[in-house]
Every structure is written in C-alpha cells, then in structure tokens.
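# Tertiary structure, described
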Amino acid sequence: MPRKAQTWDDYGAAVDQIILSSSDSDFLGQLIPVLKDATTSGRASSLVQSLSNYAEDREADIERISLTQHEEFLGSVNQLQKVREGTVALTAEILELNESIQASTEKLAQQKQGLVDTRAVRQNITEVSDSLKESLRTLHAVNNAHDLIRKKQYYAALKSLDDLQNEYLIPTIQNKYATQYRLADLIQKSIPASQKTISEAVMTDLNTWLYRIRETSQFLGEVAFYHTEQRRDRQRKRVEANEYLSHFKLNSAIELVIDESSEYDVLDNEEVQVDFTPLYEALHIHTALGQSDKFRSDYAATRRQQKDLLIPNTVNLVSDDEDRSLSSLLEGIAGFAIIEKATMQRAPQLRSSVDVDELWDSMCHTAITLITKALNEVSNAEILLNIKGVVALFIQTMEGWGYSVSMLNSFQLTLFYKYAELLKRRFSDDFQEIVSTDDYMPMAINSVEEYEKVLNVSWYTSDKSAEELTFPCVLPFSQMYPLCCIDIRNFLNQFYFFSDDHFQHPNVIDETLRKSLDELLTEKVCQSLVERLNSQYLGQIVQILINLEHFEIACQELEQLLIRARSSTSAGGPVTLVSTEKFRNHKKTAEKRIFELVNSKIDDLVDTAEYDWMASSPPTDPSSYMQTLTRYLSTIMTSTLLGLPREIKELIYFDALSHAANKILALPLSPEVKKINPNAVTAMAKDVQYLTKFVSSLENAFMLEQNLDELQQTVALLQSDNHDEFFDVSTRNKKYGRVDAINGPVLLEKLTQSVAPATLANFSSRFGLR
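An unreviewed UniProt entry annotates the chain as Exocyst complex component SEC15 of Phialemonium atrogriseum. Under the UniProt heading Function (unreviewed entry), the entry covering the chain gives this text: "Component of the exocyst complex involved in the docking of exocytic vesicles with fusion sites on the plasma membrane." Quoted verbatim from the Sequence similarities (unreviewed entry) heading of the UniProt record, the comment on the chain is "Belongs to the SEC15 family."

This is the structure we're talking about:
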C-alpha cells in the first residue's frame with residue numbers, strides 16, 4: 001500500500017531540516033518532498049519565502065558575527081557569498097526543478113484523474129455488468145419457471161419461483177436502495193400471476209384427467225364386475241371341494257384370505273390403468289400455494305357434477321339399449337365409487353370418508369329410484385331375476401371396496417316382492433290353464449319312461465313297481481296333477497334362484513314362498529276344482545275327488561320339503577300349508593257332490609216307478625226302475641267310482657242305498673197315494689227283495705244291508721196278517737224296530753181303509769194322529 005505524502009503548514013521548519021541535512025542525498029531526500037508538496041499545493045512562493053527568510057536570518061547572524069569577529073566574518077562572508085551563489089544557483093535549479101516537477105505533477109494529476117475516471121467507469125461497468133448478470137439470472141429463473149410450466153413440470157416451476165423469491169427478490173426488495181429494486185419489485189408483483197398460471201395449468205390437466213376417468217368409469221366398473229364374477233367362480237369351486245366353506249360368503253374374511261393368491265388390481269391391469277399423478281400433482285401444487293381448502297372444495301364440487309352427469313334420467317330394464325341399461329348404470333356408479341375410494345385411500349387429506357359416503361349414498365338412492373320407476377315396465381320374472389343378478393354383483397363388488405350396501409340390500413326386498421308377484425302371476429295363469437284344459441280322466445301311461453317321469457315330478461307312490469305294471473296303464477289322477485306338480489317344483493326352484501348369488505333375507509324368501517304357494521294351491525287349484533264340482537258329470541266329480549286326494553298328499557310332502565329347503569335363519573318348527581286343510585275339507589265337498597249326483601240319479605230312477613197302488617193282480621217281475629237302479633249302482637261301482645279309495649266308495653254306496661231306501665219308502669207315503677192294496681204291496685216287496693239280493697252280492701254287504709232294514713220291515717209290516725203287532729211296543733221293537741212310529745200307522749191306514757172307525761180312532765189316539 002503506497003505511503004501518503006507528508007504535508008506542511010509552515011515551510012520554515014522544513015527549510016531548517018533541509019539545510020541541516022548531513023549529506024547531499026539526505027538533502028535532496030528532504031528537499032524533493034517539500035518541493036513536490038509546494039508544487040502540488042500551489043505554495044511554491046511560500047517555500048521560496050521561507051528559504052529567503054532563512055537566508056536573511058543567516059545573513060543577520062553573519063553580520064552580527066562579523067561585527068564581533070571580523071576576520072571570521074569576512075571568511076564567513078566569503079563563504080556565505082559562495083553559499084549564496086550556490087543558493088542562488090540552487091534556487092534556480094530548484095525553480096527549474098519545481099517547474100519540471102510541476103509540469104510532471106500536472107501531467108501525473110491528469111493521468112491520475114484519467115485513471116480515476118477510468119476506474120470509476122470500470123467500476124460502473126462492473127456494477128452494471130453484475131446487475132445485468134443478476135437480472136439475467138433472475139429473468140432466466142422466471143423463464144425457466146415458465147418453461148417448466150410448458151413442460152408440465154408444475155411443482156418444479158413453483159419451486160423455482162419460490163427459490164427466486166426467497167433467495168433474491170425478497171432480500172432485494174427489502175433494500176430499497178439496491179440497483180435491482182425496481183426489477184425485483186416488478187418480478188415479485190408478477191409472481192402471483194405466474195402462480196395462478198401454474199394453478200390454472202394444473203387444474204386444466206386435472207380436469208382432463210377427471211374427464212378421462214369419468215369416461216373410464218363404466219369400463220372400470222365392468223372390469224370390477226368381471227373380477228367379482230371370477231371370485232364367485234373360484235369360491236364356488238372351493239365350496240364344491242370343501243362344503244364347509246359354504247358358510248363363508250364372498251367378501252368374508254376367510255374368503256378374502258383364501259383368495260389372496262389371486263390378488264387383482266382393478267385400477268392397474270391389462271385392461272385399464274388409472275394414473276393418479278395429475279391428482280397428486282394438483283393437490284401438491286395447491287398445498288404449496290396454500291390453497292388446499294379451496295382445491296378440496298373445487299374438487300368436491302367437480303366430482304358432484306360428474307356424479308350428476310354419470311347417472312341418466314331414465315333406465316330401461318327390458319330393452320337392449322346399452323347406454324340406458326341397468327348394467328351400464330351400475331358399472332358407471334361402481335367405477336366412479338371405486339375412483340372415490342381409491343382417492344380417499346391415496347389422498348385422505350383431499351377426500352374424507354364423509355364426502356365419499358355422501359356421494360355413494362346419493363348415487364345409490366338415485367339408482368334405486370330409477371330402477372323402481374322402471375320396474376313398472378317389467379312383466380317377466382326372468383328379466384327381474386337378471387336385474388337382481390346385476391344388482392347382487394354390484395353389491396358384492398362394492399362391499400369388497402368397503403362401501404355400505406344396506407340400502408341396496410333393502411332394495412333387494414323390493415325386487416324380490418316384485419319377482420314373487422310376477423312368478424305368482426305367471427304360475428297362477430299356468431295353474432288356471434292346466435285346471436281349465438284338463439280332461440278329468442284317469443291319466444293314461446304308455447311306457448315305463450312316461451311312468452318314471454310322472455313319479456319323478458309328482459308326489460305319487462304306487463303299490464307296484466314299474467316292472468310289475470303292464471303298459472299301457474292308467475293312473476288314478478288326471479293329467480292336471482303331474483302338470484301342477486311340475487309347476488310347483490318349478491315355482492319352488494325359481495323362488496330359490498333369487499337367493500343363489502347374494503340375498504340377505506332368506507327367511508323372507510321362505511315365508512313369501514310358503515304364502516305364495518299356499519295361495520296358488522288354494523285359489524288356483526283347489527278353488528278351481530271346487531268350482532268344477534258344479535258339473536253334472538259324475539265321472540268328472542269323481543276324478544276331481546281323486547285329484548283332491550292326491551293334492552292333499554302333495555301338500556303334506558310340500559310341507560316337509562319346505563322345512564328341508566328353508567334357510568338356517570328362518571324360525572324353526574313345522575311348516576303348515578292352509579291348502580293342505582283346504583284340499584282335505586273339499587274332499588268332503590266333492591264327496592257330498594257325488595252323493596248329490598248319485599242321489600239325484602236315484603231320485604230320477606225312483607221317480608220313474610209306476611206302481612199301481614190299486615193293482616188288480618200282483619206282478620211277476622221286479623219293476624223296471626228297480627232293475628235300472630241296481631244296474632246303475634253296479635255300473636258306477638265298477639267303473640265311475642272304481643278309482644276312489646275303498647272307504648269313500650263304501651261311504652258313497654252306503655249313502656246311496658240309504659237314500660234309495662228312503663226314496664222308495666216315500667213312494668207310498670206320498671199324499672197323492674190314498675189307498676194301497678195287497679197287490680201293490682206285493683209289487684213293492686218284490687222290488688225290495690230284488691234290491692236286497694243285489695246289495696247282498698256286494699262287498700261288505702253286511703254293513704250296507706243295514707240301510708234296507710226300515711224298508712224291509714215296512715214292507716213286512718204291510719204284508720203282515722196281524723197289524724196289531726205294530727201297536728204292541730214289545731213286539732214292534734222286535735219285529736219292526738226300524739219302522740218309523742209315524743210312517744207305519746200312515747201306511748197301515750192307507751192299506752186298511754175297510755177297518756172299523758172305532759179301531760182307527762183307537763189307533764190314531766195311541767200314535768197322536770188326527
């Protein structure tokens with residue numbers, strides 16, 4: 001570092017030092033700085049004045065010394081003269097040197113000023129260059145951020161702007177006197193616009209992504225459904241291999257553990273890939289910008305709008321329109337919900353479970369409303385079963401993603417009740433057609449194969465095996481019975497089809513099936529058969545009775561079948577079908593109707609009796625009506641009533657004979673018959689004997705003959721020679737115990753008109769007659 005030049009306030013002291021220098025070099029060494037200072041400062045005259053004063057002082061000293069020491073003075077004068085001369089010469093030299101130094105100094109000053117100016121310019125240039133470099137670096141950082149935006153590297157761009165702010169802009173702005181203040185302030189003011197550009201660019205990419213996943217939702221749902229179907233198949237095979245696994249349904253913990261080896265990522269596979277990078281980036285950017293709440297709100301609003309766009313205004317359940325089909329609707333909802341659940345799992349700070357569940361409930365409610373409205377167009381149970389299958393697949397798929405499916409499980413009840421209604425309506429028509437088109441004749445079987453088919457579909461057990469039968473043969477029931485049995489089995493199977501895939505209310509199926517089956521059997525089969533009992537054709541009535549008998553047995557078997565088929569969640573205890581009791585009770589109705597028809601025929605035959613109550617001679621043969629009557633009773637026993645159970649046939653015969661006896665007995669009791677002679681009694685006795693002989697030839701005749709006791713005893717009374725025996729209580733109880741106490745006297749009165757009035761009066765008073 002150069003030493004700073006010395007300055008003098010007064011050159012007197014400097015002159016003394018110069019003069020007193022011990023050597024020439026020292027003299028010059030001290031003289032030159034003084035001259036340079038005097039020249040530089042413009043005080044050369046002061047230096048000359050100091051030198052002159054010094055000289056005058058020395059002259060004064062010399063004069064004084066010379067006055068006292070003259071010789072010395074003279075010597076000194078001479079010496080001084082020489083010194084003076086030297087001083088003058090030196091002064092001249094000094095002046096020349098001064099002028100030279102002054103000239104050099106001015107030139108040096110000029111050079112130095114030029115150097116200073118050059119250094120200042122250089123410094124300014126350096127400062128400007130540094131400023132430009134900083135500005136260029138700043139602008140480069142800004143441009144780099146925008147380049148990153150164009151390259152879609154949004155977070156890097158945002159980080160670049162943030163680093164620019166923290167490292168340069170903010171420190172520069174804080175120093176208002178900094179040369180780059182204005183530029184830094186301008187760039188700082190543009191930062192929000194750049195951040196907004198980044199935010200808008202991110203949202204543009206996010207909206208594009210949202211649009212793509214909305215378009216992908218249905219396909220994603222289709223892939224998810226297919227994956228669930230594959231899981232179903234694997235679980236079904238495992239259940240076939242190990243029945244114990246049937247206790248564990250799809251999405252149960254056991255099923256999920258077992259199926260881990262077949263793990264499948266619905267969001268990333270060969271068919272579909274969902275990249276969440278745009279969402280992560282948008283969330284990251286808005287979090288960095290401090291706009292996470294706004295972004296969360298905007299994203300939620302966008303997803304709600306997409307949810308509304310996803311669901312159509314109507315859904316068609318019966319046509320093949322893919323865009324409005326149930327599968328498309330549920331696949332779209334499934335894909336949308338899967339994206340929501342995956343978003344919540346990957347970015348819980350963006351989508352809460354409340355938001356996701358709210359959207360899910362809204363979509364389910366809307367879908368259920370659409371399906372319910374469209375159900376009015378469905379009239380085919382198979383279509384409804386397909387609908388249930390799609391809904392069940394949807395439920396199982398979404399249950400695997402952790403969604404609540406209680407609303408959908410409840411909706412399945414609506415589908416089931418509609419399904420049950422359609423099944424009941426269809427089978428009701430089937431039963432009605434079967435009953436109305438039946439020929440009500442015993443069913444003819446032509447081969448073993450037909451026989452075995454009938455046995456397989458109906459609840460009929462024969463006492464003989466197929467090998468023991470001779471074909472063609474006839475079964476007791478008509479064709480309607482096995483046809484109804486087939487429909488009953490189909491009805492049962494189709495009811496339980498509803499619970500095959502996924503149905504949380506099997507007990508409802510059990511109870512609804514029981515009620516529906518009971519109503520069908522009661523209203524469409526039993527009641528229809530009862531209505532046909534109005535027929536006048538005895539063979540048809542007999543066949544209806546036989547059918548009722550077999551339907552009663554079928555209902556009893558059905559009760560046991562329903563117990564075995566019902567789910568474990570249903571209440572225990574027996575299953576009772578009202579139809580069982582209906583069929584049993586209406587067997588009595590059919591029996592009564594048979595009694596009515598048989599008795600009506602008997603009435604018609606007896607009404608044809610042409611007794612001549614005052615015949616002139618007794619007949620030689622039984623009456624034609626009696627022969628026809630016995631022939632009729634024999635015919636229905638061997639043909640029409642042949643298929644009836646033995647006890648029913650016996651009961652019918654018992655009632656028919658009792659009715660015939662009463663009807664025959666009523667002939668002479670008719671008010672139109674005033675008199676009866678013995679010939680007429682003989683004719684009547686011959687007919688009774690003919691009837692008795694016929695009954696005695698029948699199986700179980702002992703019991704049937706009891707119906708003829710009153711008729712036989714009445715005829716015996718009329719043929720008796722001693723009518724007074726009837727009026728003797730002890731005798732009457734022995735011989736005529738079955739004769740009516742009122743009818744006997746009436747008949748005797750008609751037979752004994754010639755009896756004395758006193759006797760008749762006595763008879764009338766004893767029996768209360770007038």
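Having seen the model, we can carry on.
Next up on the list: the overall build of the chain. The secondary structure content of the chain amounts to 27 helices and two strands. Among the 770 residues that make up the chain, the fraction classed as buried is 42%. Sequence-distant contacts, at least 24 apart, represent 74% of the contacts inside the chain between residues at least 6 apart. Carbon together with sulfur atoms contributes 51% to the accessible area of the chain, which is approximately 42100 Å² in total.

Next up on the list: unusual backbone geometry. Omega for the bond connecting F471 with P472 falls within 30 degrees of zero, at 0°, which places this linkage in the cis form. For P472, the location among the structural elements is in the loop between α14 (448-457) and β2 (473-475). The backbone phi angle of Y440 is positive, close to 50°, even though this residue is not glycine. Note on placement: Y440 falls in the loop between α13 (406-437) and β1 (443-445).

Turning to the side chain of E552, a few remarks are in order. Secondary-structure assignment places E552 in helix α17 (residues 538-565). Only 2.8 Å separates the side chain of E552 from the side chain of K587, close enough to count as a polar contact. If we skip the residues at most four places from it in the chain, E552 touches T580, F583, R584 and K587.

With that out of the way, let us pick up the environment of T470. Structurally, the position occupied by T470 is in the loop between α14 and β2. Judged by its relative accessible area of 62%, T470 falls in the exposed class. Taking the C-alpha atoms as reference points, T470 and S447, separated by 23 residues in sequence, lie 8.9 Å from one another.

Moving on: the state of the cysteines. A complete count under the given rule lists zero disulfides for this structure. In this structure C484 is not part of a disulfide, and its nearest cysteine sulfur, from C485, lies 7.1 Å away. Under the relative-accessibility criterion, C484 is labelled buried at 0%. When its relative accessible area of 0% is taken as the criterion, C485 is described as buried.

Judged by nonpolar contacts, the single largest core of 189 residues is most densely connected at L326, W360, I594 and L633. Not counting chain neighbours up to four residues away, the residues in contact with L326 comprise V315, N316, L317, I371, I387, V390 and V391. Grouped together as the second largest cluster of nonpolar side chains are eleven residues, I18, L31, L47 and Y54 included.

Turning next to a negative patch on the surface. A surface patch of like charges, here negative, comprises E449, E450, E452, E467 and E468. Turning to its location among the elements, E449 is positioned in helix α14.

So, on to the environment of A666. Along the polypeptide, A666 turns up in helix α20 (residues 646-669). We classify A666 as partly exposed; its relative accessible area is 39%. As a C-alpha pair, A666 and L711 span 45 residues in sequence and 9.8 Å in three-dimensional space.

Moving on to the confidence of the model for the chain. Across the chain, the average pLDDT comes to 80, with 84% of residues at 70 or higher. This stretch, residues 753-770, has a pLDDT under 50; its non-local contacts, to residues over four places away or in other chains, come to 17 contacts.

Glancing now at helix α8 (residues 277-288). In this model α8 runs 16 Å from its N-terminal to its C-terminal C-alpha over twelve residues, within 8% of the 16 Å that 1.5 Å per residue would give. Within the span of α8, buried status applies to L279, A282, L283, I285 and H286. For α8, the angular spread of the buried residues around the axis is 165°, confining them to a single face. Directly beyond the C-terminal end of α8, a positive phi value near 75° is found at G290.

Glancing now at the packing of aromatic side chains. If you walk through the whole model with that rule in mind, you get 19 aromatic pairs. Where W360 meets F394, the ring centres are 5.6 Å apart and the plane angle is 40°; that geometry is what we call tilted. On the criterion of sequence distance, the pair formed by W360 in helix α11 (residues 353-374) and F394 in helix α12 (residues 381-400) is long-range, its members being 34 residues apart. Each member of the pair, W360 together with F394, is buried. Ring centres of Y611 and W613 lie 5.1 Å apart, and the angle between their planes is 35°; on these two criteria the pair is classed as tilted. As far as the burial class goes, Y611 and W613 line up, both buried. Clustering of aromatic rings is evident, with ring pairs tying together F416, Y417, F427, F491 and F495. Residue placement shows K601 over the ring face of Y632; its charged tip is 5.9 Å from the ring centre.

What counts, and at which threshold
- Residues numbered from 1 in each chain as written.
- Predicted model: local features only at pLDDT ≥ 70, side-chain atom pairs only at ≥ 80, totals over all residues.
- Heavy atoms only, no water.
- UniProt positions renumbered as here; feature names shortened; annotations may be inferred.
- Helix = DSSP H or I, 4+ residues; strand = E, 2+ residues; numbered from the N terminus.
- Buried < 20%, exposed > 50% of the residue type's maximum accessible area, 1.4 Å probe, protein only.
- Contact = heavy atoms within 4.5 Å.
- Areas by Shrake-Rupley, 256 points an atom, 1.4 Å probe, with all protein chains shown as cover.
- Polar contact = N/O pair within 3.5 Å; in protein donor to acceptor, adjacent residues only side chain to side chain.
- Disulfide = S-S within 2.5 Å.
- Core = buried A, V, L, I, M, F, W, Y, C linked by side-chain atoms within 4.5 Å.
- Patch = residues over 30% accessible without salt bridge, like charges linked within 9 Å, V, L, I, M, F, W, Y side chains within 5 Å.
- Salt bridge = Lys/Arg side-chain N within 4 Å of Asp/Glu carboxyl O.
- Lys, Arg positive; Asp, Glu negative; His and termini not counted.
- Charge placed at Lys NZ, Arg CZ, Asp CG, Glu CD.
- pLDDT = per-residue confidence, 0-100.
- Expected span 1.5 Å × (residues − 1).
- Arc of directions from axis to C-beta.
- Phe/Tyr/Trp six-rings, centres within 6.5 Å; stacked < 30°, edge-to-face > 60°.
- Lys NZ or Arg CZ within 6 Å of the ring centre and 35° of its normal.

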